[in-house]
Amino acid sequence: MNEQPTSIRREDPAKRIELGLHEKLHLDCGVELGPFTTAYQTYGALNADKSNAVLICHALTGDHYVAGDVHPMTGKGGWWTLMVGPGKPIDTDRYFVICANVLGGCHGTTGPKDINPETGDPYGLSFPGITIGDMVRAQKQLIDHMGIEQLFLVIGGSMGAMQVLEWAARYPEQVFAACPIAGAARHSAQNIAFHEVGRQAIMADPDWHGGDYHRHDAAPRRGLSVARMAAHITYMSEAALHRKFGRRLQNRDGLTYGFDADFQVESYLRHQGSTFVDRFDANAYLYITRAMDYFDLAAEHGDNLSAAFDGSATRFCIVSFSSDWLFPTSESRAVVHALNAVAANVSFVEVESDKGHDAFLLDEPELFGVLSGFINGSAAIRGLR
Amino acid sequence: MNGATENGGGAASAIRVDLRLIADMTEPGSRVLDVGCGDGVLLAYLAQTKQTDGRGVELSMAGVSRSVRSGLSVIQGDADTDLKDYPTGAFDYVVLSQTLQAMRRPRDVVENLVRISRYAIVSFPNFAYWRVRMALMFCGKMPVTDTLTHAWYDTPNIHHCTVKDFVETCRDSNIIIEKAIPLTRNGDAIHLSATGWLGNLFAEQAMFVLRRPD
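Model, not experiment: these values are computed from the prediction.

A. Summary view of the overall build of chain A. Counting secondary structure elements, chain A contains nine helices and twelve strands. The C-alpha radius of gyration of chain A comes to 21 Å, within 12% of the 21 Å expected for a compact globule of 385 residues. Considered along the principal axes of its C-alpha atoms, chain A spans approximately 65 × 50 × 45 Å. Counting over 385 residues, chain A shows a buried share of 58%. Looking at chain A alone, contacts between residues at least 24 apart form 71% of all its contacts between residues at least 6 apart. Of the accessible surface of chain A, which amounts to about 15600 Å², a share of 51% is contributed by carbon and sulfur atoms.

Okay, structure coming up:
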């Protein structure tokens, strides 16, 4: 494995590693998975005592191209260049940043579009059901392989925040600081409902072929596109949609009395849907949304969320956004209350923003200021330069 | 915070006199919770001078943000509702500075303070201060003083009490008063018994150190 500090500008920045060779991954569904591939990316250099590692956990449709890379599929930069890079809140001049594509994903880590070694065909729906816990256990094998005993920081937004909480609950001694952003300790009924709409859209597309579309040389593009369109609405706030589009018409002077995209917001959603299908696998979307739906950290600890963090010495910084109705502040506050009940070290900030759930990916100076303060303060206590 | 006075920012050396008094009472390395911590001035001062393991609760998002930006562990929260979450004996000191009178249920808050901490340090403006009495008696108006700065219609202070009231409430709640210090408006200690009638007349504010019975 290559642990050299990597330059941020490389043509093919991703690394791949075979894990689960000696010890298979025990999935929550009961299946033993291994060996499996993890695709990941690193930025910055690991210090001599391996104490400056930061693990970034990506969201549902994210990937491991976090910082200044050119994404091999989109040609754009990484998804969190505002947060990660030299001189940024997660400063790659100071920290060794790791991000791995999640288990069940479609950007290099083993998932349903990969070949099942036992059959020689793509897994499709024969891929085992996965959970947030499985994703974290897969990441743990990568971190162990790197010889990192304790991560300085585990951070992520949305589904990434779920992984952060899972990391902190499952491996408290390996997490010095944890920062779940716009997250929750469980997926709400409303969120499961939205995911179900997306899954039904995919499965209703005849090109889905019962999940076997790879063998039919097809892809459920329309279904996946609709799933993305519906989901995208939940990532924004009403105010942000109105500011961005209002009722403005798309390249026309009046209504057409038809079903073309008369409104800019329709055109925008259609664009979001159609570009998404170029970079995402429909079955992976089914599997990962399911993993989020299954997440309920309290249920794993006798319906007592506090018990998940009992005795934890991890420093927590929890951030929510005032206009996020997908992962509302009340969900973050429930985590804060659970942490208070075990007198854990916790900071909690609700950032005032009208940008909805997606605010964690956007230019929010308040978020950057808070995270810089938390990370710098934690680094001082950890004794990092 | 929502108290009558603001925790001023600035260098630790310029810390408010009553906050320094709190710091002087705090043992090095102890676990401290500052309820209504404002910008985190006291927490920063304690971390610097006493190497405390400090936490804060603050209602205003601006205060929370400034605290966390400076590396302090502070949550956005409400003392009226959030103190019940903490386990018994979680802290060595819990501080409630100039905030008690803004609580919706101040007695519950004080009872929670002594539950979650070995010592509770509570300070509040004394409504029996002679200028307050004069304002009512001779002007017939709600008092506006250096510690009670708001007009009646926009004050966050909804539960005023006097030193004597507070002493009686502690007794009723079976809370032990370790110390009672009458203070001037600047936070300087007055050499009077806080619990005597002279203390209740001349203390513009008072600071109490409380604990639950052994």
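Once you've had a look at it, read on.
B. Up close: the overall build of chain B. Secondary structure summary: chain B contains eight helices and seven strands in total. Computed over C-alpha atoms, the radius of gyration of chain B comes to 16 Å, within 12% of the 17 Å expected from 2.2 N^0.38 for 214 residues, which places it in the range of a compact globule. Going through the 214 residues of chain B one by one, you find that 54% of them count as buried. Residue pairs in contact within chain B that sit at least 24 positions apart in sequence constitute 69% of those at least 6 positions apart. Of the roughly 9400 Å² of accessible surface on chain B, 53% is carried by carbon and sulfur atoms. Taking the average location of the 22 positive side-chain charges in chain B and that of its 24 negative ones, the two points are 1 Å from each other.

C. Main features of unusual backbone geometry. Residues and elements named next belong to chain A. Cis geometry is found at the peptide bond from Gly34 to Pro35, where omega equals -5°. Tracing the backbone shows Pro35 in the loop between β3 (32-33) and β4 (36-43). Even without being glycine, His209 reaches a positive phi, approximately 55°. Take His209: it is sitting in the loop between α3 (189-204) and α4 (221-235). Exposure remark for His209: the relative accessible area of 31% places this residue in the partly exposed category. A positive phi angle, close to 60°, is found at Asp303, a residue other than glycine. Mapping Asp303 onto the fold places it in the loop between α7 (282-294) and β11 (315-321).

D. Region of the structure containing the environment of A:Asp212. Following the sequence through the fold, A:Asp212 ends up in the loop between α3 and α4. Residue A:Asp212 is classed as partly exposed on the basis of its relative accessible area of 26%.

What counts and how
- All residue numbers refer to position in the chain's written sequence, counted from 1.
- By the order in which they are written, chains take letters starting at A while ligands take numbers starting at 1.
- Reporting of local features is limited, given that this is a predicted model, to residues whose pLDDT is at least 70; pairs of side-chain atoms are given and counted only at 80 or more, and all residues count toward the totals for whole chains, interfaces and linings.
- Side-chain numbers here rest on the full set of heavy atoms in the structure, without hydrogens or water.
- A run of H or I in DSSP counts as a helix once it spans at least four residues, and a run of E counts as a strand once it spans at least two, with each numbered from the N terminus.
- With the radius of gyration taken over C-alpha atoms, the globule rule is written as 2.2 Å times the number of residues to the power 0.38.
- Relative accessibility thresholds used throughout: buried, under 20% of the residue-type maximum; exposed, over 50%; partly exposed, between the two (1.4 Å probe, protein chains only).
- Any two residues whose heavy atoms approach within 4.5 Å are treated as being in contact.
- Only the protein chains shown count as cover for residues, and all accessible areas are computed by the Shrake-Rupley method using a 1.4 Å probe.
- Positive charges are assigned to Lys and Arg, negative charges to Asp and Glu, while His and the chain termini are left out of the count.
- A single reference atom marks each charge: NZ on Lys, CZ on Arg, CG on Asp, CD on Glu.

Just geometry here; none of it tells us what the structure is for.
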